[in-house]
Amino acid sequence: MPELFVAGQWRSAAAGGTRDVVNPFDAQVFAVVDEAAAEDAEAAVLAARTAFDDGPWARTPVAERAALLDRVADLLQRDREEIARTETLDTGKTLAESRIDVDDVTAVFRYYAREGVVEVDRTVDVGRPEVHSRVVHHPVGVCTLIAPWNYPLLQISWKVAPALVAGNTVVLKPSEVTPLTTVHLVKLLEEAGAPPGVVNLVLGAGGAVGPALTSHPAVDLVSFTGGLATGRSIAKVAADTVKRVTVELGGKNPNIVFADVDLDVAVDTVLTGVFLHSGQVCSAGTRLIVEESIADDLVAGVVERARRIRFGNGLEEGVESGPLVSAQHREKVEGYVALGLEEGARLLTGGRRPDAPDLQRGFFLEPTVFDGCDRSMRIVQEETFGPILTVERFRTEEEAVFLGNDTTYGLAGAVQTLDVDRGERVAAALRHGTVWINDFGPYVPEAEWGGQRMSGNGRELGPAGLAEYRETKHVWRTTRPAAPGWFQG
Ligand code: NDP
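Read on for a plain summary of the structure. (Residues numbered from 1 in each chain as written. Predicted model: local features only at pLDDT ≥ 70, side-chain atom pairs only at ≥ 80, totals over all residues. Heavy atoms only, no water.)

1. Examining empty space enclosed by the protein
Right, so step 1: Following the criterion strictly, the structure yields three cavities of 30 Å³ or more and no others.
Right, so step 2: Volume-wise, the largest cavity comes out at about 50 Å³.
Right, so step 3: Lining the largest cavity are Gly251, Lys252, Asn253, Gly279, Val281, Cys282, Ala284, Thr286, Glu382, Glu383, Thr384 and Phe385.
Right, so step 4: The residue inventory of the lining of the largest cavity, partitioned by class, reads four nonpolar, five polar and three charged. (1 Å grid on protein atoms, 1.4 Å probe; cavity = no way out; pocket = protein on both sides within 12 Å on 5 of 7 lines; lining within 4 Å. Points joined across faces, edges and corners; volume = space filled by probe spheres on them. Nonpolar A, V, L, I, M, F, W, Y, C, P; charged D, E, K, R; others polar.)

The following block contains the structure:
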């Protein structure tokens, strides 16, 4: 079955392009999908335009749009195991993580089915009884939704669910590396009853299909999650036609640990925060900032536990971590290991490919800990997007906060301390979109997610994640029309 979806039809690429999809565990091709070119992307944009302008969706009662989201949530749970397996084959992450992803995606659809029907229009008292003044909301129009490869289904769901419940039409563009669960999601949207043209799917390399999706005058909004360089270029391209643009970019996320913590809990929190999904998480806690008096003990504990992480095929029970997503990405991360050594950081563990014979074909890299780091190092400042932890030490709270904010990014950060007041003080001072106190990583659909500074603009999830997909209009109605009488001539 073809994998591009345009105007309610599954079709192949006009020029016949295809792409191999590779399992990062063994580097084997396990699927072949259609690969769009610019002409397919343009057809998808025009289909979404027609469906928005002439189709029923934007005028469908919001309760019916919300009901479609609920049906998708039911279908996601029906297909939970199949989708989770596909995500594991595509990304390399463990089946346990993929199942959590599917459940999180289900929760996002359920949340926006509820949130979408909450009334947000309001009346405004202008002080004149003959005037009815109200602020109403409309869908924005055609939305291009572009997602990265680390959480393919999850990231696209944060966009699709609010966009659809608000009455928009959409063109989805997953990463070329991990397209399969997005294809499955679009099938579920079709099965749930999305009218033709409301949901369109383009698979293809960002460089080839991106310009048509982000610069076309028929597109009203671009929502992008991915790297800083791509986000920057998309924002520039979209500026020519003054589109709405939301960019969710990378992070260099501090995890600040004070000496009063329970050491075992802190070790576990640091370990999970940085090495989950081999560090390929935008909010990964890759920058450990630890109070000097416990630093040696904490770091020794993290190193010891990191060496015991069980690698393997994400489909197998008991495997705790999979490979990196591609050979190309592993090389990029290995470049950061080399850079850390060059910059004088002390390698305590990892930094190399594992020796185990069954891991030789996959794109594995051992969890890596660099001690003796300081803020001048690129390895401390740049997003490595792999399993690399850097360690810096502090003596005072002011120093900890300074280092925690000492990044051009501002996606997420954490503080570990049993002193409640200090935890709140540090959380208030950190300039990051999400701050965890005595935890690292959790999020819920009800609370906004997004970056400050160079981690992006706009928000996903929560009410603000829905507001991104709504236009606001002020309607002023005078019940007693009268000549303004400003000009006397
Ligand atoms: P990229 O920026 O390389 O790609 C993201 C998406 O953009 C992919 O679908 C890609 O397609 C597409 N793309 C690439 N070039 C263009 C273009 N010119 N026009 C339109 N689309 C384009 O990021 P990665 O996929 O490597 O993802 C990793 C990054 O994502 C990290 O920096 C990470 O921090 C960030 N991220 C941020 C999150 C957040 O919530 N803030 C969440 C998750 C990840 P293709 O792959 O097919 O080339």
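2. Examining the packing of aromatic side chains
Right, so step 1: Across all of its chains, the model carries ten aromatic pairs by this definition.
Right, so step 2: When the ring of Phe5 is compared with that of Trp10, the centres are 4.5 Å apart and the planes differ by 40°; the resulting orientation is tilted. Pair check on accessibility: Phe5 and Trp10 agree, each one buried.
Right, so step 3: Where Trp149 meets Phe385, the ring centres are 5.3 Å apart and the plane angle is 70°; that geometry is what we call edge-to-face. Taken together, the residues Trp149 in the loop between strand E7 (142-146) and helix H5 (152-165) and Phe385 in the loop between helix H12 (378-381) and strand E16 (388-394) connect sequence positions 236 residues apart.
Right, so step 4: We classify Trp149 as buried; its relative accessible area is 16%. (Phe/Tyr/Trp six-rings, centres within 6.5 Å; stacked < 30°, edge-to-face > 60°. Buried < 20%, exposed > 50% of the residue type's maximum accessible area, 1.4 Å probe, protein only. Helix = DSSP H or I, 4+ residues; strand = E, 2+ residues; numbered from the N terminus.)

3. Thoughts on the sheet that holds strand E12 (residues 254-257)
Right, so step 1: Strand order in this open sheet of seven strands is E14-E15-E16-E13-E12-E17-E18, and the pairing throughout is mixed. If you trace the sheet from one side to the other, it starts and ends with strand E14 (346-349) and strand E18 (434-437), each paired once. Adjacent strand axes in the sheet meet at a mean angle of 20° when their direction is disregarded.
Right, so step 2: Judged from the five bridges that link them, strand E13 (residues 287-291) and E16 form a sheet pairing that is parallel. Of the residues in E16, the one forming a bridge with Val290 is Arg393.
Right, so step 3: Helix H11 (residues 327-342) rests against E14, strand E15 (368-371) and E16 of the sheet, and its axis sits at about 25° to E15.
Right, so step 4: Sitting on the sheet, helix H14 (residues 420-429) is in contact with E12, strand E17 (412-416) and E18, with an inclination near 170° to E18. (Pairing = 2+ DSSP bridges. Axes fitted to C-alpha atoms, helices over the stretch in contact; angles between N-to-C directions. Contact = heavy atoms within 4.5 Å.)

4. Brief notes about the site of the ligand
Right, so step 1: The full set close to the ligand counts 28 residues, and Lys173, Glu176, Thr230, Leu249 and Glu383 are the nearest of them.
Right, so step 2: Here an oxygen atom of the ligand and a backbone polar atom of Ala147 are 2.7 Å apart.
Right, so step 3: Surface burial for the ligand is 86%, taken as the share of its 900 Å² of free accessible area covered by protein chains.
Right, so step 4: One can see that the ligand is located within the largest pocket.
Right, so step 5: Secondary-structure elements contributing two or more residues to the shell around the ligand are helix H7 (206-215), strand E10 (221-225) and helix H8 (228-239).
Right, so step 6: Of the residues belonging to the shell around the ligand, the class tally is 13 nonpolar, eleven polar and four charged. (Near = heavy atom within 4 Å. Polar contact = N/O pair within 3.5 Å; in protein donor to acceptor, adjacent residues only side chain to side chain. Areas by Shrake-Rupley, 256 points an atom, 1.4 Å probe, with all protein chains shown as cover. Sits in = over half its atoms within 2 Å of the grid points.)

5. Some words on the sheet that holds strand E5 (residues 122-124)
Right, so step 1: In spatial order, the strands read E5-E6-E20; together these three strands make up an open sheet with antiparallel pairing. Each having just a single partner strand, E5 and strand E20 (470-478) make up the two edges of the open sheet. Strand-to-strand, the axes of this sheet are offset by a mean angle of 30°, without reference to chain direction.
Right, so step 2: Judged from the three bridges that link them, E5 and strand E6 (residues 131-139) form a sheet pairing that is antiparallel. What sits directly across from Val124, in E6, is Ser133.

6. Considering the side chain of Thr214
Right, so step 1: Relative to the helices and strands, Thr214 is located in helix H7.
Right, so step 2: At 2.9 Å, the side chain of Thr214 and the backbone oxygen of Gly210 are in polar contact.
Right, so step 3: The residues touching Thr214, leaving out its near neighbours within four places in the chain, are Ile146, Val222, Ile234, Val237, Ala238 and Lys243.

7. Digging into H7
Every α-helix carries 3.6 residues per turn, so stepping three or four residues along brings you back to the same face.
Right, so step 1: Residues of H7 that are buried include every one of Val209, Gly210, Ala212, Leu213 and Thr214, and no others.
Right, so step 2: Buried residues along H7 sit against helix H1 (38-54), E7, strand E8 (169-173), E10 and H8.

8. Digging into the pairing of E7
Right, so step 1: Counting buried residues along E7, five of its five residues qualify, which places the element largely inside the surrounding structure.
Right, so step 2: Of the two faces of E7, the one holding Val142, Thr144 and Ile146 and the one holding Cys143 and Leu145 are both buried throughout.
Right, so step 3: Direction of pairing for E7 relative to E8: parallel, over a ladder of five bridges. What sits directly across from Leu145, in E8, is Leu172.
Right, so step 4: The handedness of the E7 to E8 crossover, carried by H5, is right-handed.
Right, so step 5: Here E7 runs beside E10; their pairing, made up of four bridges, is parallel. (Right-handed = clockwise from strand over helix to strand, strands pointing away.)

9. Focus: the packing of helix H2 (residues 62-78) against H5
Right, so step 1: Between H2 and H5, the shortest axis-to-axis distance is 9 Å and the interhelical angle comes to 155°. Considering the angle they form, H2 stands roughly antiparallel to H5. Contacts between H2 and H5 involve Val62, Arg65, Ala66, Leu69 and Leu76 on the former and, on the latter, Leu153, Ala161, Leu164 and Val165. (Parallel < 35°, antiparallel > 145°, perpendicular 65-115°, else oblique.)

10. A look at unusual backbone geometry
Right, so step 1: A positive phi is found at Ser278, a non-glycine position, where the angle reads about 50°.
Right, so step 2: On the secondary structure map, Ser278 appears in the loop between helix H9 (263-275) and E13.
Right, so step 3: One non-glycine residue, Arg453, adopts positive backbone phi at about 50°.
Right, so step 4: Structurally, Arg453 can be placed in the loop between E18 and strand E19 (456-457).

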